[in-house]
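Observations on chain architecture
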Amino acid sequence: MDQAFLDEMKGKLLEQRSTLLASLAEQSEDMRDLVKTVDSGDEADVASDVIDRNVLTALGTQDANRLQQINNAIDRINQNKFGRCVLCGKEIPRERLEILPYTLMCISCASAEERRNR
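Residues numbered from 1 in each chain as written. Predicted model: local features only at pLDDT ≥ 70, side-chain atom pairs only at ≥ 80, totals over all residues. Heavy atoms only, no water.

1. A few points about the side chain of Arg96
- Topologically, Arg96 is positioned in helix 3 (residues 94-99).
- Buried within the structure, Arg96 lacks any salt-bridge partner; its nearest side chain of opposite charge belongs to Glu114, at an N-O separation of 8.0 Å.
- Of the polar contacts made by the side chain of Arg96, one reaches the backbone oxygen of Met105; its length is 2.9 Å.
- Ignoring sequence-local partners within four residues, the contact set of Arg96 consists of Thr103, Met105, Cys106, Ile107 and Ala110. (Helix = DSSP H or I, 4+ residues; strand = E, 2+ residues; numbered from the N terminus. Buried < 20%, exposed > 50% of the residue type's maximum accessible area, 1.4 Å probe, protein only. Lys, Arg positive; Asp, Glu negative; His and termini not counted. Salt bridge = Lys/Arg side-chain N within 4 Å of Asp/Glu carboxyl O. Polar contact = N/O pair within 3.5 Å; in protein donor to acceptor, adjacent residues only side chain to side chain. Contact = heavy atoms within 4.5 Å.)

This is the structure in structure tokens:
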């Protein structure tokens, strides 16, 4: 991988990380607001708040996982290991990295892994 592409990917990853951190902070504020209102409503309000809280928690978990993947990709760039499939060791195509810069696997290995997990 050439340095210009690595710099571009690192910039993209840093931007995604900033966006996710802002999203997680906002979700955290929303969660605090929901907790404050739980004691003040009737049963329908409480049920609605529980659903909202579950949705926010699920979104927060997904964002937290993606944040970890992004941080790991930045580490791989810094260690000169970025762009190699962790399973087969082959170079991941640039097109795939441009779309999903934090991916760990080439398309073949990702597809095989997905089939195994079904």
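So much for the structure itself; the text now carries on.
2. Quick look at the state of the cysteines
- Under the definition given, this model contains zero disulfides.
- Of the cysteine sulfurs around Cys88, a residue in no disulfide, the closest is that of Cys85, at 3.7 Å.
- When its relative accessible area of 36% is taken as the criterion, Cys88 is described as partly exposed.
- Summary of cysteine pairing: Cys109 is not part of a disulfide, and the nearest cysteine sulfur, belonging to Cys106, is at 3.7 Å. (Disulfide = S-S within 2.5 Å.)

3. Points about the side chain of Arg76
- In this structure, Arg76 sits in helix 2 (residues 43-78).
- Among all residues touching Arg76, those that are not within four sequence positions of it are Lys81, Phe82, Tyr102, Thr103 and Leu104.

4. Here's the deal with the packing of aromatic side chains
- Scanning the model with the defined rule gives zero aromatic pairs in all.
- Directly above the ring of Phe5 sits Arg94, whose terminal nitrogen or CZ lies 4.0 Å from the centroid. (Phe/Tyr/Trp six-rings, centres within 6.5 Å; stacked < 30°, edge-to-face > 60°. Lys NZ or Arg CZ within 6 Å of the ring centre and 35° of its normal.)

5. Things to note about the nonpolar core
- Counting 18 residues, the largest nonpolar core has Met9, Leu13, Ile70, Phe82, Cys85 and Leu97 as the members making the most contacts within it.
- Mapped onto this core, the elements with two or more residues apiece are helix 1 (3-38) and helix 2.
- Those residues in contact with Met9 that sit more than four places away from it in its chain are Ile77, Phe82, Leu97, Glu98 and Pro101. (Core = buried A, V, L, I, M, F, W, Y, C linked by side-chain atoms within 4.5 Å.)

6. Section: the environment of Cys88
- Residue placement: Cys88 occurs in the loop between helix 2 and helix 3.
- Residues Cys88 and Cys109, spaced 21 residues apart in sequence, show a C-alpha to C-alpha distance of 7.3 Å.
- Discounting chain neighbours no more than four positions away, the residues touching Cys88 are Cys106 and Cys109.

7. Focus: the environment of Cys106
- Within the secondary structure, Cys106 sits in the loop between helix 3 and helix 4 (107-116).
- Each C-alpha atom of the pair Cys106 and Glu91 lies 7.4 Å from the other, and the pair is 15 residues apart in sequence.
- Filtering out sequence-adjacent residues up to four positions away, Cys106 remains in contact with Cys85, Cys88, Ile92 and Arg96.

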